[in-house]
Amino acid sequence: MSPAKPPRPDGLRGLSREEAARRLASHGPNVLPGGAPKSLAAIVAGVMAEPMFLMLLVAGGLYLALGDRAEAAFLLFFVFVVIGITLTQEHKTQRALESLRELSAPRALVIRDGQELRIPGREVVPGDLLILHEGDRIAADAMLLDGHLDVNESLLTGEAMPVIKLPNEDGNLLFASTVVTKGVGVAEVCATAGASAVGRIGQALASTTEAVSGLQLATRRLIGNLTVGGLLLAVGYCLLGWLWNGRSLLESVLSGIALTMAILPEEIPVILTVFLALGAWRISMHKVLTRRMAAVEALGAISVLAVDKTGTLTQNRMQVAELATGSDEFRDQAAADLPEAFHELVEFAMLATPADPFDPMEKAIQRFGVGWLDGTEHIHAELAPEFEYLLSPDILAMTRVFPNGSATRHLLATKGAPEAVIDLCHLAPADCAAILRQIEAMATRGLRVLGVARGEWRGSEWPSSQHDFDFRFLGLIGFADPPRREVPAAIAECRAAGVRIIMLTGDHPATARAIAGQVGLSERAEVITGPEIEMLGDDALRERMRHVDLCARMQPVQKLRLVQVLRQGGKVVAMTGDGVNDAPALKAADVGIAMGERGTDVAREAASLVLLDDSFASIVAAIRQGRRIYDNITKATRFTFAVHMPVILLVLAPTMLHWPVLLMPVHIVLLQLFIDPACSIVFESEPESANIMTRPPRPASESPFTRANLWYAVLQGAGFAGILLLGYALLLAHGGDAAQSRTAVFTTLVLGVFLLTLANRDLSRPLPASLNAANPWLPRMFGGVLAMLAVVIGVPFFRTMMQLAVPDPTLLGFVAGMLGVAVVWLETLRRTARYLKVRSLSAR
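Residues numbered from 1 in each chain as written. Predicted model: local features only at pLDDT ≥ 70, side-chain atom pairs only at ≥ 80, totals over all residues. Heavy atoms only, no water.

> How should I be thinking about the overall build of the protein chain in this particular structure?
On a plain count of helices and strands, the protein chain comes out with 29 helices and 22 strands. By the burial criterion, 55% of the 844 residues in the protein chain qualify as buried. Put simply, 73% of the contacts in the protein chain that link residues at least 6 apart link residues at least 24 apart. Total accessible area computed for the protein chain in this model is approximately 34,900 Å², and 60% of it derives from carbon and sulfur atoms. (Helix = DSSP H or I, 4+ residues; strand = E, 2+ residues; numbered from the N terminus. Buried < 20%, exposed > 50% of the residue type's maximum accessible area, 1.4 Å probe, protein only. Contact = heavy atoms within 4.5 Å. Areas by Shrake-Rupley, 256 points an atom, 1.4 Å probe, with all protein chains shown as cover.)

> What is the right way to read the sheet that holds strand β15 (residues 448-458) from this model?
Strands belonging to one sheet form pairs held by backbone hydrogen bonds; the direction of such a pair is parallel or antiparallel. The seven strands lie next to each other as β11-β10-β16-β15-β14-β13-β12, forming an open sheet whose pairing is antiparallel. What marks the edges here is a single partner per strand, and that holds for β11 (328-330) and β12 (387-389). Averaged over neighbouring strand pairs, the angle between their axes works out to 20 degrees when direction is ignored. In the packing of helix α12 (residues 343-351) onto the sheet, the strands contacted are β10 (319-325), β13 (397-403), β14 (409-416), β15 and β16 (471-480), and the crossing angle to β16 comes to about 85 degrees. (Pairing = 2+ DSSP bridges. Axes fitted to C-alpha atoms, helices over the stretch in contact; angles between N-to-C directions.)

> Can you help me understand the packing of aromatic side chains in this one?
According to the stated counting rule, one finds 13 aromatic pairs in the structure shown. Each ring, one from Phe387 and one from Tyr389, has its centre 5.0 Å from the other, and the planes form 75 degrees; the classification is edge-to-face. Look at Tyr389 and you get buried, because its relative accessible area is 2%. Centre to centre, the rings of Tyr389 and Phe469 are 5.6 Å apart; their planes meet at 80 degrees, and the pair counts as edge-to-face. Of the two residues, Tyr389 sits in strand β12 while Phe469 sits in the loop between β15 and β16, which places them 80 residues apart along the sequence. Here the aromatic residues Phe387, Tyr389, Trp457, Trp462, Phe469 and Phe471 are joined through ring pairs into a cluster of three or more. Positioned above the aromatic ring of Trp777 is the side chain of Arg780, whose terminal nitrogen or guanidinium carbon lies 4.6 Å from the ring centre. (Phe/Tyr/Trp six-rings, centres within 6.5 Å; stacked < 30°, edge-to-face > 60°. Lys NZ or Arg CZ within 6 Å of the ring centre and 35° of its normal.)

> Hey, could you run me through the packing of helix α23 (residues 616-657) against helix α25 (residues 707-733) in this one?
In a packed pair of helices, the relevant descriptors are the angle between the two axes and the axis-to-axis distance. Two elements in contact, α23 and α25, have axes separated by 7 Å at closest approach and are oriented at 35 degrees. Note on packing geometry: the crossing formed by α23 with α25 is right-handed. Each of Thr634, Thr637, Arg638, Phe641, Ala642, Met645, Pro646, Leu649, Leu650 and Ala653 in α23 lies in contact with α25, whose residues at this interface are Asn709, Leu710, Tyr712, Ala713, Val714, Gln716, Gly717, Ala718, Phe720, Ala721, Leu724 and Leu725. Across the contact of α23 with α25, the residue classes break down as 16 nonpolar, five polar and one charged. (Left-handed = near helix turned anticlockwise from the far one by under 90°. Nonpolar A, V, L, I, M, F, W, Y, C, P; charged D, E, K, R; others polar.)

> Looking at this structure, how should I read the sheet that holds strand β18 (residues 527-529)?
The sheet built from eight strands is open, its strands ordered β8-β22-β21-β20-β9-β17-β19-β18 with mixed pairing. Each edge of the open sheet carries a strand with a single partner, namely β8 (288-290) and β18. Each strand of the sheet is rotated relative to its neighbour by a mean of 20 degrees, with strand direction disregarded. Where β8 meets strand β22 (residues 609-611), three bridges bridge the pair, whose relative direction is antiparallel. Note on β22: the bridge partner recorded for Thr290 is Leu609. The strands touched by helix α17 (residues 509-519) within the sheet are β17 (500-504), β18 and β19 (550-552), with β19 carrying the most contacts at an inclination of about 145 degrees.

> In this structure, what is going on with a nonpolar patch on the surface? I would like to understand it.
A surface patch of nonpolar side chains, about 420 Å² in accessible area, is lined by Val791, Val795, Phe797, Phe798 and Met801. Within the secondary structure layout, Phe798 lies in helix α28 (residues 796-801). The class of Phe798 is partly exposed, set by a relative accessible area of 32%. (Patch = residues over 30% accessible without salt bridge, like charges linked within 9 Å, V, L, I, M, F, W, Y side chains within 5 Å. Salt bridge = Lys/Arg side-chain N within 4 Å of Asp/Glu carboxyl O.)

> What is the right way to read the pairing of β13 from this model?
When you tally the buried positions in β13, you get six out of seven residues, the bulk of the element. Relative to β13, β12 runs antiparallel, the two sharing three bridges. Each residue of the ladder has a partner; that of Tyr389, found in β13, is Thr399. Sheet analysis places β13 next to β14, joined by seven bridges and oriented antiparallel. Its bridge partner being in β14, Met398 is matched across the sheet by Lys415. Where β13 folds back onto β14 in an antiparallel hairpin, the turn is made up of five residues, including Gly405, whose phi is positive at roughly 100 degrees.

> Help me understand helix α27 (residues 777-794) in this model?
Each full turn of the α-helix corresponds to 3.6 residues, which orients residues three or four apart in the same direction. Helix length check: α27, at 18 residues, gives a terminal C-alpha distance of 25 Å against a target of 26 Å (1.5 Å per residue), a fit within 8%. Looking at α27, one finds that the buried residues are Leu778, Met781, Val785, Met788, Leu789, Val792 and Ile793. Along the long axis of α27, the arc covered by the buried residues comes to 110 degrees, so they all point the same way. α27 presents Pro779 and Arg780 as exposed residues on the side facing more than 90 degrees away from its buried surface. (Expected span 1.5 Å × (residues − 1). Arc of directions from axis to C-beta.)

> How do you make sense of the pattern of salt bridges when you look at a structure like this?
Where charged atoms of side chains with opposite charge meet at close range, the side chains can pair. Here the structure, examined in full by the defined rule, presents 31 salt bridges. Asp539 is paired through a salt bridge with Arg542; the nearest N and O atoms lie 3.0 Å apart. With a gap of three residues between them, Asp539 and Arg542 both fall in helix α19 (residues 538-544), about one helical turn apart. For Asp539, a relative accessible area of 61% puts it in the exposed group. What makes Arg542 partly exposed here is its relative accessible area of 23%. Of the charged contacts in the structure, one is a salt bridge between Arg628 and Glu684, with a shortest N-O distance of 3.6 Å. Pair noted here: Arg628 is in helix α23 and Glu684 is in the loop between α24 (665-683) and α25, with a separation of 56 residues, a long-range link. One exposure class covers both Arg628 and Glu684, and it is buried.

> Sorry, what's going on with the nonpolar core here?
In summary, soluble globular proteins display a tendency toward joint burial of nonpolar side chains. Grouped together as the largest cluster of nonpolar side chains are 110 residues, with contacts concentrated most on Leu305, Leu521, Val591, Phe616 and Phe746. Looking at this core element by element, the count peaks at 18 residues for α23. Sequence-distant contacts of Phe616, defined by excluding residues within four places in its chain, comprise Leu305, Val307, Thr312, Leu313, Glu486, Val487, Ala490, Ile491 and Ile501. (Core = buried A, V, L, I, M, F, W, Y, C linked by side-chain atoms within 4.5 Å.)

Structure representation (C-alpha cells):
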C-alpha cells in the first residue's frame, strides 16, 4: 500500500504499438487544430479598406501632387505604422492558439504492450492507459480506472481548490492540461486534441471575434462622410472657379486641391494613433500592458467589470483561515500567540501532511503550523511515517502512522472530509450533530473544511481498513483563498465611478457571497448559478443580471455567453481572468484584462490588457487613464474641426466674392504642419479633470464626433472665420494691397490657433483661466507660433513664396483688434453653451 508506487490493476496491458499507431493516424496528433493565419495581402487589404486610412492615403497623395514630400511622408508613415500594428495583432492571436496547443500536449507515461513507456503528449491516442503521479500534467481527457487523485483544475475552472477523483464515481473524469496535486492512478484516455475540454476552449477562442470599439465605428462613419462630401465640394468649387470666375484650369484645380486639404481633417487618424499609443505608454507606468490599442479608448466607457474571483479578487493561494475545537474557535490571524487549546489540532494536522507537499491545502497547513508552533514541542520534523492509508472511495480520509516508543506502539494522525473523520471516530449522535452544525456554519462563510483526528494503536500487522483503529476527534480546519488587500478600496473607487462589478466564479454560491462581503463588492445576496444561466434565454438573462452581481458554478461557455449578453444590452464590458477557461470571454469583451504573474499564456494573449503586477488596483488606475485619454481626444477633435472651419471659409469666400485669393495650398500645408503637433502633444498632455472618477461612464453610443461637440466646434471656427473675413474686407476697402491684407489675416489665423487651443482645454472655465492650468506644452506651443511667424514673415525667401509682406504698426494693431474680438466671441459662445446646458438639465 505504499503511496510511491502507482496501482497496476491486473490484466491492464494497454494498447499495442500497432494499434496506437493506427489510432494516431485515424484521430491525428494530440494537439489543437490550428486555423491558417491570414496572408500578408489579406491583412493589408483589410487595413486599406478603413476610411480613416483611405483618407490618409488621399491626403498623402495630394501632398505629393503639390510636391510636398515631407508632409506626404509623414501621413503615409502612419499607414505603414497601422499595418504593422495589425500584423502584430494577427500574430498575437496565432501565438495564443500556439500556446494553447503546447499547453495541451505535455509528455505522458502510458502502458503499451504491458510496458510503461514515456511518450510525447502529441502521440497520446484514445484508449491509451495513462499512469499519473503527483505533479503530472494530464495529457488528455481520461477516465480514472484505479487509484485516487487530487487534481488542480484551476486552469479550466478558475478555482484553487483541488478536486478529488475516485474510480467508478461521477467525478472520475480527468481533464487535459490539469495537474495532479496528490496521489497516483491509472486512467484511460477518452478524448484528445480538439475533442478534449481544453480543445473546445481553443476552438471557442479561435472563433471569437474581438469587439470593435465605439470610437473606431464613429471614426469610420465620420471620415467616410467627410471624404465623400469634401471631394464633391472640391470638384464643384474647381468647376465654379474655372467656369464662373474665369480662372485657368490649373489654377482652379489647385484651388480645388486647397479646399480638399482644408476640408479633410487628416489630423483625426493622427490624433487617434498618437493619443492611443501615448495612452498605452502612460498606462504601462501603472503596471498595465496594452495589447490592443482600441482598449485604451474603451477603458473610459467601461460600465460593467466582470471579475473572475480566483486570482483576481483573491490571491489564488490557500491559507488556514479558521480553527474549531468543540465550542472554541480561532480566527484572529493577528493574535500574538495561538491558544493552547488549538496546539494539538494543528500538531496532528501537520503530522497527517507530508513535510514538503504539492497540494495547496497541505502547503497551507504546513505554513500555518510552522508559523504558529515553531520552537515548540508540537513540531516533529524528524518523524517519518511507517505506513500510510490513502484516500479511497469508501473513506475520504487519509491516515499516517508513526512509531511511538516501541516496535508495536504507533501514533495515528488523520485528516480528510469532516464527515469521514467523524465516522472514523465513532462519535455519539449528539456530538456528530454539533460538529456538523459547525461545518455548515464554516461553509457558509466560504471556507473549505477538513476534519482532524488522532489515535494510538498497538500491533505489528497493519489492519486492512482505517475503521479498525480508534480515533479521537480533535477539531476542524477551515481554508480560504483570501482576498487581495487592495481589492476593497479599488472596488469602492469603481463604484464611485459608476462601474458595476459582477463576480464570476466556479465555486459554491456561499463562497461567492462570503468573498463578496469581505471585499464590499455587493450588498445584494442573490446569486445566479451556471445551470440557471443555461436555462434562461438571452432576454431573460439580461433582465436577471440587472438585479444580480454574483455568478457561481460558472463554466467557460457561460462566462462567454454572459459577456456577449451584457454587450448586446448596450453595456461596455471589461472582464478579468487568468485561466485558459477565461480566454474566449477575455477576447469577446470590450476590454479583456489578464493577470500577468499568475495568468496563463493563453489568457494573456487573448486579453487586450495585462496586469503586470496582478494588482486589482491597477485596473482602477487604467480606467482613470482611459477616461482622461478619451476626454483629451474629445478636446482635440473639437479643436481640429474648429481650426478647419476658418481655413475652409477663407478658401471659399474670396472665390464667391471675387476677392483676391487669401489662402493658397502652401499656407494650408504650413498651418497643418503646425496643427498636427498642437493636437497630438498639447491636448494629449492635458491633466485629468477633478471629477474624472466621480462621474458615471459615458454612454456606449457617445463619441468625440457627437453632433453637439462638432456643432460647437463649427460655431467656434465659423465665428472666427467671420471675424477674419470682415477684417479682410475692411483692409481691402481701405486701400490695402493683397499682400498686406493677406499678412494680417494669416497672422491672426496662426495666432488664433493658440486661442482655439486655450478655448477648447476646459469649457467650464473662462478662456483666460486656461493660461493658468498646468500643461508644460502650452508655453512651448506659443513660442512655436511666434517663431513660425518670425521665420515666415522675416525671411525674404519664405515671405515671397507665401506672398506676404512685412507688417507695419498699424497692421499689427489691426491684428490685435481682430484677436480681441475673437476672444470676446469664443467666451460669449462658451457662456451661452453652458447656460443652455444648465437650462436643459433643469428642464429634465
